[in-house]
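Chain by chain, the residues:
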Amino acid sequence: MVTRRRFVQQGALVAAGAALTRSRALAAAPVMTGIQIGAVSFVDEGTDKTIDALREMAAVDTLFVATFTYGRGIAGRQPKPNPLPDHGKQEYDDNFRGGIFFTPHPQYYGQTRITPEKAPDHPGYDVLADVLPAAHRRQVKVIAWFEDVFRKDVPGLDQALEVDVHGQPGTRLCLRNPNTRAFWLGLVEDHLRSYPELDGLMWGSERQGPLNDALGASHGEGARPAQSACFCPHCREAARRMGIDTERARQGYLALEEWLAAQAQGRKPADGAFVTFWRILVEQPEVLAWERLWNEGLRDTYRDMYARAHALAPGKPIGWHLWHTNSFAPFYRAEQDYAAFGKYSDYLKVVMYNNCGGPRMARYVRNVSKTLFADLTPEETLQLVYRIQQYPSEKPLDRIPQEGLSAEYVLRETSRAVAGAAPNVKVWPGIDIDIPTGPGEKKTQPDDVYQAVKAAFAGGAHGVILSRKYSEMRLDNLRAAGRAIREVTRA
Ligand SMILES: [Zn+2]
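About the thresholds
- Residues numbered from 1 in each chain as written.
- Predicted model: local features only at pLDDT ≥ 70, side-chain atom pairs only at ≥ 80, totals over all residues.
- Heavy atoms only, no water.
- Helix = DSSP H or I, 4+ residues; strand = E, 2+ residues; numbered from the N terminus.
- Buried < 20%, exposed > 50% of the residue type's maximum accessible area, 1.4 Å probe, protein only.
- Polar contact = N/O pair within 3.5 Å; in protein donor to acceptor, adjacent residues only side chain to side chain.
- Contact = heavy atoms within 4.5 Å.
- Phe/Tyr/Trp six-rings, centres within 6.5 Å; stacked < 30°, edge-to-face > 60°.
- pLDDT = per-residue confidence, 0-100.
- Donors = N, O, S within 2.8 Å, 3.2 Å for Na, K, Ca; no water.
- Tetrahedral: all angles 85-135°; square planar, octahedral: opposite > 155°, others 65-115°.
- Expected span 1.5 Å × (residues − 1).
- Pairing = 2+ DSSP bridges.
- Salt bridge = Lys/Arg side-chain N within 4 Å of Asp/Glu carboxyl O.
- Core = buried A, V, L, I, M, F, W, Y, C linked by side-chain atoms within 4.5 Å.
- Axes fitted to C-alpha atoms, helices over the stretch in contact; angles between N-to-C directions.
- Parallel < 35°, antiparallel > 145°, perpendicular 65-115°, else oblique.
- Left-handed = near helix turned anticlockwise from the far one by under 90°.
- Nonpolar A, V, L, I, M, F, W, Y, C, P; charged D, E, K, R; others polar.

Relative to the elements of secondary structure, Gln-36 occurs in strand β1 (residues 32–37). The exposure class assigned to Gln-36 is buried, which follows from its relative accessible area of 1%. In this structure the side chain of Gln-36 is engaged in a polar contact, spanning 2.7 Å, whose partner is the backbone oxygen of Arg-468. Setting aside chain neighbours within four positions, we find Gln-36 in contact with Phe-64, Ile-74, Trp-145, Met-202, Lys-349, Ile-465, Leu-466, Ser-467, Arg-468, Lys-469 and Tyr-470.

This is the structure:
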């Protein structure tokens, strides 16, 4: 594994050459062509009609149906102020709530205080009961797709929250809290026992550990050092077992908070931002140990879900959606060890959204330019990111928000994942189609989709997942995906 990974890192040409060889070898192998889709599309546009249209337009053979989320990313219609696409109901669903989109069976949630709420958005509608038979009649597979996104007012959530460095309840679920773990395992069991025709599961958690969070090292919200977590009793106990000193970790995160507050107030440390940060790490290495502790909580969740799913349905794949931050932040990327995933994954959906990737990369760079890389200009930070992330030829900071990242980025990210992943793990890159971006920022065009899909297969992908949800995609963009997929599968 190490040898293969090193091989890809040797250089651009080697990686591209390897990818081409692999794509030739792969041409004869069957590929998975998936699309993410929420209940609203079947309700609005008709189940049979929608599945037929997706097969016809985009050569789709697998539906990744959103079965649990409280978020707008994978369920509901396109939210305001984004334009509605050229299909579906032409009306905004501002009162979207979310929850479980099939019929939850209470017996699987006896071990958790978190209430398994049926999404009230489509009364009387069970997306799996509706879609499974219609899809299977057409030889289309159905994978249930659920994510780690809650609303604050979900009953019982207060029994599962993280505890921050100041001892205050956090806003997110602690992955070690028994209520959280039992909720995810209950969902796995409910899916597989109540809908035995299901073809597999996919889960995603778009979060990271306290160090990365404190630094604002993502394309999301900026630095939030005061909320560094988790210091709950379950995590403290896990630390004790691993021989990590909780109090020293806490002192380290408080030092980090102080350093970041000084930066935010424009008080530049005499030694600069980076050296001062590194000094905190050297003096309190427990800061890093706590970051690893957090990740172990996530990996334990993957391991438990994988074990439960395979105990119930040994032949059905379960895999993970890996957050876009993997493309921007070397810190998060280091924690996504593709080889290690081999022990608890059948496939990885690695997010490689190159269109919204431009604005998102720019936002990441601006976030970390205020913290860890405050000694550099944002453009210098971006160039550093390109080098460290092995992207040789992307555009400067004043152009990526409008122009996005290239298809070459998709190829490189795919071939890196294929080279790094264990042989038993399939790589299904996530391709973005019309994911909302800000005013004046990159909007997806048909040729972008065509090139990105081709690049994923040139990189050796075993399939692609068109993302994030059909209800925000324009039909000409979907047809472009279909053109690329048909060219690849005919080759
Ligand atoms: Zn905790």
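Picking up where we left off.
Glancing now at the environment of Asp-126. As for its position among the elements, Asp-126 is in the loop between β3 (99–100) and α5 (127–137). Judged by relative accessible area, which is 12%, Asp-126 ranks as buried. Through-space distance from the C-alpha of Asp-126 to that of Met-361 is 37 Å; in sequence the pair is 235 residues apart. Those residues within four positions of Asp-126 in sequence are excluded, and the remaining contacts are Phe-101, Phe-102, Thr-103 and Tyr-195. From its side chain, Asp-126 meets the backbone nitrogen of Leu-128 in a polar contact 3.0 Å long. A polar side-chain atom of Asp-126 sits 2.9 Å from the main-chain amide nitrogen of Ala-129.

This part takes up the packing of aromatic side chains. Within the structure shown, the criterion is met by 29 aromatic pairs. Between Phe-274 and Trp-278, the aromatic rings sit 6.1 Å apart at their centres with planes inclined by 15°, giving stacked as the arrangement. Here Phe-274 pairs with Trp-278, and both are found in helix α10 (residues 272–283), just four residues apart, close to one helical turn. Judged by centre distance (6.4 Å) and plane angle (25°), the ring pair of Phe-328 and Tyr-364 falls under stacked. In this pair, Phe-328 is assigned in helix α12 (residues 325–328) and Tyr-364 in helix α15 (residues 357–369), connecting sequence segments 36 residues apart.

In this section: the confidence of the model for the protein. Confidence in the prediction of the protein, expressed as mean pLDDT, is 94, and 94% of residues score 70 or more. Between residues 1–27, whose pLDDT stays under 50, and residues either more than four places distant or in other chains, the model counts 39 contacts.

Bound to the zinc ion are the protein donor atoms Cys-174 (SG), Cys-230 (SG), Cys-232 (SG) and Cys-235 (SG), situated 2.2 to 2.4 Å from the metal. Coordination at the zinc ion is tetrahedral, judged from the four donor atoms that bind it and the angles of 103 to 115° they form at the metal. When the donor residues of the zinc ion are listed from N- to C-terminus, their spacing reads C-x55-C-x1-C-x2-C. Within this pair, whereas Cys-174 is found in the loop between β6 (169–173) and α6 (178–194), its partner Cys-230 is found in the loop between α7 (210–215) and α8 (233–242), the two being separated by 56 residues in sequence.

All right, on to α10 then. One turn of an α-helix holds 3.6 residues; hence residues three or four places apart share an orientation. The end-to-end C-alpha distance of α10, which contains twelve residues, comes to 17 Å, matching closely the 16 Å that a straight helix rising 1.5 Å per residue would cover. Tucked into the core, α10 has its buried residues touching α7, α9 (246–264) and α11 (286–312).

The next subject is helix α20 (residues 475–490). Between its first and last C-alpha, α20 extends 22 Å over 16 residues, near the 22 Å set by a 1.5 Å rise per residue. Among the residues of α20, Leu-475, Asn-477, Leu-478, Ala-480, Ala-481, Gly-482, Ala-484, Ile-485 and Val-488 are the ones counted as buried. Buried residues belonging to α20 abut β1, α4 (47–58), α19 (446–458) and β12 (463–467).

Let us look at the pairing of strand β7 (residues 200–204). Burial analysis of β7 places five of its five residues in the buried class, the great majority of the element. With five bridges connecting them, strand β4 (residues 141–147) and β7 associate as parallel partners. Paired with Ala-144 across the strands is Leu-201, a residue of β7. In this sheet, strand β8 (residues 318–322) lies alongside β7 in parallel orientation, the contact comprising four bridges.

Attention now goes to the pattern of salt bridges. Applying the stated criterion across every chain, the model contains 37 salt bridges. The partner of Lys-395 in a salt bridge is Glu-403, with the nearest N and O atoms 3.3 Å apart. Owing to a relative accessible area of 28%, Lys-395 belongs among the partly exposed residues under this scheme. A residue is classified by how much of its surface remains accessible, and Glu-403, at 31% relative accessible area, is partly exposed. As a salt-bridge pair, Asp-448 and Lys-442 come within 2.8 Å of each other at their nearest N and O atoms.

Leu-63, Trp-320 and Leu-478 are the most contacted members of the largest nonpolar core, which totals 137 residues. In terms of residue count, the dominant contributor to this core is α11 (nine residues). With near-sequence residues (within four places) excluded, Leu-478 lies in contact with Ile-35, Leu-54, Met-57, Ala-58, Ile-433, Leu-466, Tyr-470 and Met-473. Among the nonpolar cores identified, the runner-up in size contains ten residues, and Met-32, Phe-64, Ile-74 and Ile-143 belong to it.

Further remarks concern the packing of α19 against α20. The description of two helices packed together rests on the angle between their axes and the distance between the axes. Contact geometry for α19 and α20: axes closest at 8 Å, N-to-C directions at 30°. In terms of their interaxial angle, α19 and α20 are classed as roughly parallel. Between α19 and α20 lies a crossing of right-handed hand. Contacts between α19 and α20 pair Pro-446, Val-449, Tyr-450, Val-453, Lys-454 and Phe-457 from the former with Asp-476, Asn-477, Ala-480, Ala-481, Arg-483, Ala-484, Ile-485, Glu-487 and Val-488 from the latter. Taken together, the residues of the contact of α19 with α20 break down into ten nonpolar, one polar and four charged.

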